[in-house]
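One letter stands for each residue in the lines below.
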Amino acid sequence: MTLSIKHMNVGYRSRRVISDINLPDIKSGSLVAVLGPNAVGKSTFLKSLAGINKYSGEARLNEAPLSGLPRSEFIRTLGYLPQTLPQATTLVAYELVFSACRAVRTDLSQAEIEHSIDNVFRRLGIESLALRRLAEMSGGQRQMVGLAQVLVRQPKLLLLDEPTSALDLHWQLNVLETIREEVTSTGAIGLVASHDLNLALRFCDQLLILSQQGVLAMGSPDEVLTSDNLRLAYGIEGRVEQCSQGYPIVLADRAIA
Ligand SMILES: Nc1ncnc2c1ncn2[C@@H]1O[C@H](COP(=O)(O)OP(=O)(O)OP(=O)(O)O)[C@@H](O)[C@H]1O
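What comes next concerns the included structure. (Residues numbered from 1 in each chain as written. Predicted model: local features only at pLDDT ≥ 70, side-chain atom pairs only at ≥ 80, totals over all residues. Heavy atoms only, no water.)

**Some words on the pairing of strand β5 (residues 55-61)**
Heads up, the condition is: Two strands form a pair only when DSSP identifies at least two bridges running between them. Helix numbering and strand numbering both begin at the N terminus, where a helix is a DSSP run of H or I of at least 4 residues and a strand a DSSP run of E of at least 2.
In this structure, strand β1 (residues 2-12) lies alongside β5, joined through six bridges in antiparallel fashion. Within β5, the residue paired with Val10 across the bridge is Tyr55. The pairing of β5 with strand β6 (residues 64-65) spans two bridges and is antiparallel. Bridge pairing links Leu61 to Ala64 in β6. A loop of two residues connects β5 with β6, the two strands running antiparallel in sequence, and Asn62 in this loop sits at a positive phi of about 50°.

**Brief notes about the site of the ligand**
To be explicit about the condition: Residues are labelled near a given molecule or strand when at least one of their non-hydrogen atoms is within 4 Å of it. N or O atoms closer than or at 3.5 Å make up a polar contact, with two conditions inside protein: a donor-capable atom paired with an acceptor-capable one, and, for residues adjacent in sequence, both atoms drawn from side chains. The method behind every accessible area is Shrake-Rupley, applied with a 1.4 Å probe, and residues are considered shielded solely by the protein chains displayed. Throughout this entry, Asp, Glu, Lys and Arg are counted as charged residues, while Ala, Val, Leu, Ile, Met, Phe, Trp, Tyr, Cys and Pro are counted as nonpolar. The remaining residues, Gly among them, count as polar.
Around the ligand there are 15 residues in total, and Arg15, Lys42, Ser43, Thr44 and His195 lie nearest to it. Between Tyr12 and the ligand, the recorded distance is 3.3 Å, taken from a side-chain N or O atom to a nitrogen atom. Contacts to the ligand include Gln83, whose side-chain N or O atom sits 3.1 Å from an oxygen atom. Its free accessible area being 640 Å², the ligand has 66% of it covered by the protein chains. Elements represented by at least two residues in the shell around the ligand include exactly β2 (15-21) and α1 (42-49). The element best represented in the shell around the ligand is α1, accounting for three residues. The residue makeup of the shell around the ligand, split by class, is five nonpolar, seven polar and three charged.

**Here we look at the nonpolar core**
Most often, soluble globular proteins keep nonpolar side chains buried together rather than apart. The following threshold applies: For this analysis, a nonpolar core means a set of buried residues of the types Ala, Val, Leu, Ile, Met, Phe, Trp, Tyr and Cys, connected via side-chain atoms within 4.5 Å. Throughout, exposure labels follow a simple rule: accessible area from a 1.4 Å probe, protein chains only, divided by the maximum for the residue type, with under 20% read as buried, over 50% as exposed, and the rest as partly exposed. Between two residues, a contact is recorded if the distance between any of their heavy atoms is within 4.5 Å.
Among the nonpolar cores identified, the biggest contains 50 residues, and Phe121, Leu124, Leu147, Leu160, Val175, Leu207 and Leu225 are the most heavily contacted of them. It is helix α5 (residues 139-151) that contributes the most residues to this core, six residues altogether. In this view, Leu225 contacts Leu197, Leu201, Leu207, Ile209, Leu230, Val240 and Val250; residues no more than four positions away in its chain are not counted. Counting residues in each nonpolar core, the second largest holds 31 residues, with Val34, Leu61, Leu78 and Met218 among its members.

What follows is the structure, given as structure tokens:
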């Protein structure tokens with residue numbers, strides 16, 4: 001499977017946000033971090049791919065334009081997690097995840113859906129939330145239920161907008177490990193918008209860095225996460241160093257005025 005994005009322009013009726021997005025083809029099993037400063041267009045880009053915003057140019061999955069897929073195939077193929085947390089309803093987590101799966105995976109039996117839900121809850125480590133109402137959950141717990149709603153459907157293209165924004169360090173690692181494993185084991189493609197450069201470095205095989213001028217760089221973490229790109233994208237002086245366990249880490253020294 002290949003996701004191919006060429007000459008894509010994204011934005012809103014009132015304004016263009018990113019022009020002429022041209023990316024190297026993204027292959028099955030790739031987890032791509034979508035990085036860049038506030039308001040640069042990360043969410044807008046993901047919303048466009050998810051069919052929520054209109055765009056011009058090409059976004060193709062296996063040569064077929066994403067926007068041309070029949071509705072049933074489109075919702076079966078894509079799994080989009082918005083930046084906003086799921087609403088605090090009186091429904092319990094299990095019901096919400098079940099409905100999310102049943103609405104899209106009409107090919108699965110009830111037993112298969114239940115098996116998929118059990119599997120996702122176990123991998124995310126949220127079994128204890130299954131029978132809790134969303135209205136009685138913390139923001140981080142709701143974020144994990146939202147992610148379970150996406151993962152349970154086993155989409156081929158995961159579009160996750162800041163999936164760890166409400167999570168503490170333990171759950172950030174847990175969630176990124178689960179997403180990484182899902183993409184690797186199913187051969188899906190994942191695009192994850194994030195402000196956490198260290199999580200991106202550790203779990204993603206490619207980084208797409210957006211700046212006010214559009215696409216600044218895309219490639220392996222080694223290639224694109226450089227002091228120059230940190231300065232150009234974020235307006236900071238920063239470095240990438242190796243920690244004592246051999247992982248690369250980003251150190252942000254100071255904001256450039
Ligand atoms: N519905 C909308 N109509 C018009 N402009 C919008 C709308 N939503 C967002 N924008 C603008 O589009 C630009 C990109 O916003 P977007 O949310 O995609 O940025 P982002 O990179 O995801 O930011 P952040 O890191 O702060 O979440 C911003 O200037 C924002 O003000």
